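If you want the building blocks of each chain, they are given just below.
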Amino acid sequence: MLNFKAQERIDAVRSGRTDVLDLGGFDLTELPEAVFSLTRLRVLKVDNVEYRSNRKMLNMLRNDLDKYPELLEQLEEEERDRQAELALPRQLRYLDEHIGQLIALEVLDLSCNLLTELPETLGNLRNLRLLQLADNRLTHLPASLTHLPRLHGLDVRENPLRSLPDLPQLARYEPFRAHFRQQKGEAARARDYVLAAWFRGKEIEFGLTK
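A. Highlighting the overall build of the chain. Scanning the chain for helices and strands turns up 6 helices and 5 strands. Traced from its N-terminal end to its C-terminal end, the chain shows the element sequence α-β-β-α-α-β-β-β-α-α-α. Buried residues in the chain amount to 40% of all 210 residues. In the chain, the proportion of contacts linking residues at least 24 apart, taken out of those at least 6 apart, comes to 40%. Here the chain has roughly 12,300 Å² of accessible surface; of this, 52% comes from carbon and sulfur atoms.

B. Geometry of the sheet that holds strand β4 (residues 130-132). Read across the sheet, 5 strands follow the order β1-β2-β3-β4-β5 without closing on themselves; strand pairing throughout is parallel. The outermost strands of the open sheet, each flanked by one partner alone, are β1 (20-22) and β5 (153-155). Direction aside, the axes of adjacent strands within the sheet are offset by 5° on average.

C. Region of interest: helix α1 (residues 4-14). Residues of α1 that are buried include every one of Ala 6, Ile 10, Ala 12 and Val 13, and no others. Along the axis of α1, the buried residues cluster in a sector spanning 155°; they form a single face. Exposed residues lying more than 90 degrees from the buried face of α1 are Phe 4 and Lys 5. On its buried face, α1 is in contact with β1. Among the residues of α1, the N-terminal cap falls to Asn 3, whose side-chain oxygen and the backbone nitrogen of Lys 5 are separated by 2.7 Å.

The rules behind each value
Residues numbered from 1 in each chain as written. Predicted model: local features only at pLDDT ≥ 70, side-chain atom pairs only at ≥ 80, totals over all residues. Heavy atoms only, no water. Helix = DSSP H or I, 4+ residues; strand = E, 2+ residues; numbered from the N terminus. Buried < 20%, exposed > 50% of the residue type's maximum accessible area, 1.4 Å probe, protein only. Contact = heavy atoms within 4.5 Å. Areas by Shrake-Rupley, 256 points an atom, 1.4 Å probe, with all protein chains shown as cover. Pairing = 2+ DSSP bridges. Axes fitted to C-alpha atoms, helices over the stretch in contact; angles between N-to-C directions. Arc of directions from axis to C-beta. Polar contact = N/O pair within 3.5 Å; in protein donor to acceptor, adjacent residues only side chain to side chain.

Quick look at the structure:
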């Protein structure tokens, strides 16, 4: 049965009160069928950051943490609990091909799930600008992503990808990435951290992060 708050958010989009739908954190293993009728939906977020594993960070910090065995044991215990949580069906494991019906979609965030593949119908989302797929289990991406002329942000970090489709449309935005990166760096060196954070926010907003 669909969570009441999730249904409430879907109803808000259906009634036209918003064009942004955030279903992250609702323990969904697949998208509710009702989502696919929201043809005016502009932003769809189904990220589950709270279930992200800390194992990689622990491995990176292990040399320093060895000096603090009690802290290391505490973090290891927390990671074991997190892994037990990850074993439960609380993340997307499947993305229905009907996702291709959401033709107004500009931002799709599926980060921190358990997706192993994506439907070719993603290529129908001609208005898509930002596709966030970090921290899944994808080994390949659909070739239809080449049909997305407005795509300028693609995050596929922390996936066991064997290959990537050729996406020349992403290259058009490289000068903008370089500009924001440079301006952010100059602000940080000048210790103007408010300005640096502003540039970082704009990078995220425009999908210019990598």
